[in-house]
Amino acid sequence: MAVKMALRGSFLRLFKRQLESPVQEKKYAHSVAIIGAPFSKGQKRRGVEHGPRAVRDAGLFERLSSLGCQVYDLGDLNFTHLANDDTYKRIPFPRTTGLASKVLADAVSGAVGAGHTCVTLGGDHSLGIGSVQGHSRQCPDLCLIWVDAHSDINTPLTSPSGNLHGQSVSFLLKELQDKVPAIPGFSWVTPGLSSSDIVYIGLRDVDPGEHQILKTCGIKYFSMREIDRVGIQRVMEMTFAHLLERKQKPIHLSFDIDAFDPSLAPATGTPVMGGLTYREGIYISEEIHNTGLLSAMDLVEVNPTLGATREAVEATASLAVDVIAASLGQTREGAHISMDKLPLASTTYESDVEQEIRL
């Protein structure tokens, strides 16, 4: 009988402690909107339209939720592939690509305007036109950090391939407005960035026309040689000094997975040897998060059909998740949902006498 009474007393004390415990309202570190952009017509390799699904399947929603983010997955955008979209001045699918960019611009503008940090999952990097344009509608003073093996700043007249995923930035810069001819599908685009508003990180495959543009416009860039020479910490210090020293501005991060070395990100369309290490790429993302100014980002060019094995595809998609998570607060010391204060030790534990009775 004494044992039953002791057990009943212990249960009641436990129930009382649960009732007395303060109910903590969940606090979110970020409100994040995820937009899938399954688009591939900005280049000639099919399969990159499956990138958003691969990144989601790698656990993006769960990872961001574990960081304390309130995540709104807005699903994939529906893009119209126009039947009569002839090549124009060597540019394939200009009208389809222009229309897709406009659809994305509207979606990104809506997400940022609603107060979310917007994450766009590509898809090829021609989507950068739409994502940056949409972001700039809400944040006209934004700055752009473009992490990529390629500068994607060819104009339609300098591009060797004609592929629009290699021309995205030229459509965005004021200084190139008179160098970009009218292209069907892009009449809605209004260049809003100045050359001083952009920094490139990770370059190692730049076409002759692009090199001329970078030098003529005085655009700040850090090639892999520069990263080797001064280190990634110094590169990020110089990046922020260039973009933010005079004024704190919203940051748009456009991250092409081919910025990483192909040994880390093999499932992508235009891999180039000698890329970022894992630690360098994650450090870039962590430092951007630490500014507190990230407003929107793109993660593009994951192409599941180009991985030689399932493991190669999973490694590339998981790396994409790591980049996004680091940009939104994951740290290598361990990332946990913040607590206002540690819980106090309870004073309602049973006494030694109660323990003796129970025993």
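Per chain, residue numbering runs from 1 following the sequence as it is written. This being a predicted model, a pLDDT of at least 70 is required before a residue's local features are given, and a value of 80 or more before pairs of side-chain atoms are given or counted; all residues contribute to the totals for chains, interfaces and linings. Calculation of side-chain values draws on the structure's entire complement of heavy atoms; hydrogens and water are dropped beforehand.

(A) Examining the pairing of strand β6 (residues 220-223) more closely. In this sheet, β6 lies alongside strand β5 (residues 198-203) in parallel orientation, the contact comprising 4 bridges. Bridging across to β6, tyrosine 200 finds its partner in tyrosine 221. Place the viewer so that the strands point away; then a crossover is right-handed whenever the path from the first strand over the helix to the second strand goes clockwise. Helix numbering and strand numbering both begin at the N terminus, where a helix is a DSSP run of H or I of at least 4 residues and a strand a DSSP run of E of at least 2. After leaving β5, the chain enters helix α6 (residues 208-217) and then returns to the sheet as β6, a path that is right-handed. Pairing between two strands is assigned when DSSP locates at least 2 bridges connecting them.

(B) Main features of the nonpolar core. Only buried Ala, Val, Leu, Ile, Met, Phe, Trp, Tyr and Cys residues count toward a nonpolar core, and they belong to the same one when joined by side-chain atoms within 4.5 Å. Partly exposed residues are those whose accessible area sits between 20% and 50% of the maximum for their type, while under 20% is buried and over 50% is exposed, using a 1.4 Å probe and protein chains only. With 50 residues, the main nonpolar core has Leu64, Ile201 and Ile324 as its most contacted residues. Contacts were defined at the residue level, with two residues in contact if any of their heavy atoms lie within 4.5 Å. Apart from residues no more than four positions distant in its own chain, isoleucine 324 is found in contact with Val55, Leu60, Leu64, Val119, Leu121, Met297 and Leu299. One finds Ile35, Leu104, Trp146 and Cys217 within the second-largest nonpolar core, a separate group that totals 32 residues.

(C) Structural context of the packing of aromatic side chains. Two rings belonging to Phe, Tyr or Trp (six-membered ring only in the last case) form a pair when the distance between their centres is within 6.5 Å. Interplanar angles under 30 degrees mark stacking, angles over 60 mark edge-to-face geometry, and anything in between is tilted. The tally for this structure, following the rule as stated, stands at 3 aromatic pairs. Ring plane angle 75° and centroid distance 5.5 Å describe the contact between phenylalanine 39 and phenylalanine 79, whose orientation is recorded as edge-to-face. With a gap of 40 residues between them, phenylalanine 39 in the loop between β1 (31-37) and α2 (51-57) and phenylalanine 79 in the loop between β2 (70-76) and α4 (94-113) connect regions that are remote in the sequence.

(D) Summary view of the packing of helix α8 (residues 232-244) against helix α9 (residues 278-291). Contact geometry of α8 with α9 gives a least axis separation of 10 Å together with a crossing angle of 35°. Considering how the two elements wind past one another, α8 and α9 form a crossing that is right-handed. Contacts between α8 and α9 involve Ile232, Gln233, Met236, Phe240 and Leu244 on the former and, on the latter, Glu280, Tyr283, Ile284, Glu287, Ile288 and Thr291. Residue classes follow a fixed rule: Ala, Val, Leu, Ile, Met, Phe, Trp, Tyr, Cys and Pro count as nonpolar, while Asp, Glu, Lys and Arg count as charged, and any other residue, Gly among them, counts as polar. Tallied by class, residues from the contact of α8 with α9 come to 7 nonpolar, 2 polar and 2 charged. In this description, a line fitted to the C-alpha atoms serves as the axis of each element, helices being fitted only across the stretch in contact, and the angle between N-to-C directions of two axes falls anywhere from 0 to 180 degrees. The handedness criterion is simple: a crossing whose near helix is rotated anticlockwise from the far helix by less than a right angle is left-handed, and one whose near helix is rotated clockwise is right-handed.

(E) Quick peek at the pattern of salt bridges. A side-chain nitrogen of Lys or Arg and a carboxyl oxygen of Asp or Glu constitute a salt bridge if their distance falls within 4 Å. Enumeration according to the criterion identifies 13 salt bridges in this entry. Between glutamate 226 and arginine 229 there is a salt bridge; the shortest N-O distance is 2.8 Å. Residue glutamate 226 and its partner arginine 229 are both found in helix α7 (residues 224-230); the two are separated by 3 residues, about one turn of the helix. In this structure, arginine 310 and glutamate 314 form a salt bridge, with 3.7 Å as the shortest nitrogen-oxygen distance.

Note that every value here comes from positions in space, so none of it alone points to a role or purpose.
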